[in-house]
Amino acid sequence: MLDTRKIGVIGAGHIGTAVIGGLLKAKLTSPKNIMASRRTSSNLDELAKSLTIHTTTENRKVAKVSDILILAVKPMNARDVLSEVKDLIQPSQLIISVMAGIKTSFINSFLGVQCPVIRSMPNTPVLVDAGATAISKGQYATDEHLKIAHTIFKSVGSVEVVPENLLDAVTGLSGSGPAYIYMVIEAMTDGGVKMGIPRQIAFRLAAQTVFGSAKLVIETGKHPAILKDEVTTPGGTAIAAVHELETHGLRTMLINAVSTATIRSKELSKIIENNESL
Ligand SMILES: NC(=O)c1ccc[n+]([C@@H]2O[C@H](COP(=O)([O-])OP(=O)(O)OC[C@H]3O[C@@H](n4cnc5c(N)ncnc54)[C@H](OP(=O)(O)O)[C@@H]3O)[C@@H](O)[C@H]2O)c1
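Small disclaimer: the values here were computed from a predicted structure and weren't measured. (Residues numbered from 1 in each chain as written. Predicted model: local features only at pLDDT ≥ 70, side-chain atom pairs only at ≥ 80, totals over all residues.)

### As for the domain arrangement of the chain
Phase 1: As assigned here, the chain comprises domain 1 (7–162) and domain 2 (177–261).
Phase 2: Taking only C-alpha atoms into account, the centre of domain 1 sits 34 Å from that of domain 2. (Domains from an automatic or database assignment.)

### A word on the sheet that holds strand β5 (residues 94–97)
Phase 1: Taking strand neighbours across the sheet as the criterion, the 8 strands line up as β3-β2-β1-β4-β5-β6-β7-β8 in an open arrangement whose pairing is mixed. Of all strands in the sheet, those with a lone pairing partner are β3 (54–56) and β8 (157–161), marking the two edges. With strand direction ignored, the average angle separating the axes of adjacent strands in the sheet is 20°.
Phase 2: The sheet contact formed by strand β6 (residues 117–121) and strand β7 (residues 131–137) spans 4 bridges and is antiparallel. Note that in β7 the partner of Met 121 across the bridge is Ala 134.
Phase 3: Those strands touched by helix α5 (residues 104–111) are β5 and β6, and its axis lies near 140° from that of β6. (Pairing = 2+ DSSP bridges. Helix = DSSP H or I, 4+ residues; strand = E, 2+ residues; numbered from the N terminus. Axes fitted to C-alpha atoms, helices over the stretch in contact; angles between N-to-C directions. Contact = placed C-beta atoms within 7 Å.)

### Some thoughts on the pairing of strand β2 (residues 34–37)
Phase 1: Burial of β2 is two-sided: the residues Ile 34 and Ala 36 facing one way and the residues Met 35 and Ser 37 facing the other way are all buried.
Phase 2: Bridge count between strand β1 (residues 7–10) and β2: 4 bridges; the pairing is parallel. Bridged to Ile 7 within β2 is Ile 34.
Phase 3: Handedness of the crossover joining β1 and β2 through helix α1 (residues 14–25) is recorded here as right-handed.
Phase 4: Two elements, β2 and β3, share 3 bridges in a ladder whose sense is parallel. (Buried ≥ 20, exposed ≤ 12 C-beta atoms within 10 Å, placed from the backbone. Right-handed = clockwise from strand over helix to strand, strands pointing away.)

### Focus on the site of the ligand
Phase 1: Around the ligand, the structure places 28 residues, and the nearest of them are Gly 11, Gly 13, Arg 39, Thr 40 and Ala 100.
Phase 2: Of all elements in the fold, only α1 and α4 (78–85) reach the threshold of two or more residues within the shell around the ligand.
Phase 3: Looking at the shell around the ligand residue by residue, the class counts come to 12 nonpolar, 12 polar and 4 charged. (Near = placed C-beta within 6 Å. Nonpolar A, V, L, I, M, F, W, Y, C, P; charged D, E, K, R; others polar.)

### Overview of the pairing of β8
Phase 1: Of the strand pairs in this sheet, β7 and β8 are connected by 5 bridges, and their pairing is parallel. In the strand pairing of β8, Ala 132 is matched with Ser 158.
Phase 2: In this region the chain leaves β7, passes through helix α6 (residues 143–154) and returns to the parallel neighbour β8; the handedness of that crossover is right-handed.

### Describing the nonpolar core
Phase 1: Judged by nonpolar contacts, the single largest core of 55 residues is most densely connected at Val 19, Ile 70, Leu 71 and Ala 72.
Phase 2: It is α1 that provides the largest number of residues to this core, a total of 5 residues.
Phase 3: Apart from residues lying up to four places away in sequence, Leu 71 is in contact with Ile 10, Gly 11, Val 81, Ile 95, Ser 97, Val 98 and Met 99. (Core = buried A, V, L, I, M, F, W, Y, C linked by C-beta atoms within 7 Å.)

### Quick notes on α5
Spacing of three or four residues puts side chains on the same side of an α-helix, whose turn is 3.6 residues.
Phase 1: Of the positions making up α5, those classed as buried are Thr 104, Phe 106, Ile 107, Asn 108 and Leu 111.
Phase 2: Where the residues of α5 are buried, they touch α4, β5, β6 and α12 (250–273).

### Comments concerning the packing of helix α7 (residues 167–175) against α12
Phase 1: Where α7 meets α12, the closest approach of the two axes is 7 Å, and the angle between their N-to-C directions is 130°. One finds that α7 runs oblique with respect to α12. Relative to α12, α7 is oriented so that their crossing is right-handed. For the pair α7 and α12, contact is made by Asp 168, Ala 169, Thr 171, Gly 172 and Leu 173 and by Val 258, Ser 259, Ala 261, Thr 262, Ser 265, Lys 266 and Ser 269, respectively.
Phase 2: Here the contact of α7 with α12 is built from residues that sort into 4 nonpolar, 6 polar and 2 charged. (Parallel < 35°, antiparallel > 145°, perpendicular 65-115°, else oblique. Left-handed = near helix turned anticlockwise from the far one by under 90°.)

Pasting the structure below:
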């Protein structure tokens, strides 16, 4: 699908590099079709060496050659980068943004070009090809553009298509979600250590338990409540622990965490759009 289309990545940091890696691993394109930029040339040299792609510190070079332009700088750098490449962007170029909180309408109006824009919200597990990414199309993007973005993010995990107004909620759920799960892994590890398990063993057991449980949910498609019921033997250990978690409102806490992060995402989006400081 991507054929020989030139793919540019402005802001080849964690997410940008993970996407490039995914594209190459999935053989969706070849290194010669990819050009990436960032400001630090030593990091670019490493990238050029490890992935054999074209690299440059000049964002304008990337914008000029790309059929598909992935914007992966931090949201606070968005205005600078968009201003820098503004006069080069053509209506035929597909822009895929991973920048949190930046609306497709903002990108179109800032550039002053009616080019197709796809906005995405990945999460850090894209670094290990297990990301959860949601994508939305802007006003000038078609289903074909959505398909291209879907193919790109599918190379680093799963992809959901949602209307753009849900991306703040996605940020609160899967975008920020890894932080909640890391806290769970850390706390379960501490629980194991408290009960006498050496830390490294407890840590591996906790992490694998989260990984395996998620895999079981995904692969069986069973409702998590059913899977929970399957591990709670009457009068047993798991139900005793579930009671403890319910007493302290685990589920309410997580629901509140997602909604609080969603509200914060909306606030940040306004701050960025109005060019205010945090
Ligand atoms: N991390 C997450 O969990 C996550 C989840 C969803 C979405 N996102 C979004 O993904 C984007 C990237 O996040 P990240 O975690 O990959 O951050 P990151 O690792 O800091 O990557 C951002 C990159 O942008 C480069 N950069 C900064 N200013 C630039 C400029 N003017 N021109 C060219 N490159 C520039 C930086 O490199 P130099 O300093 O060398 O220029 C850096 O490599 C953000 O917009 C974030 O909102 C992140």
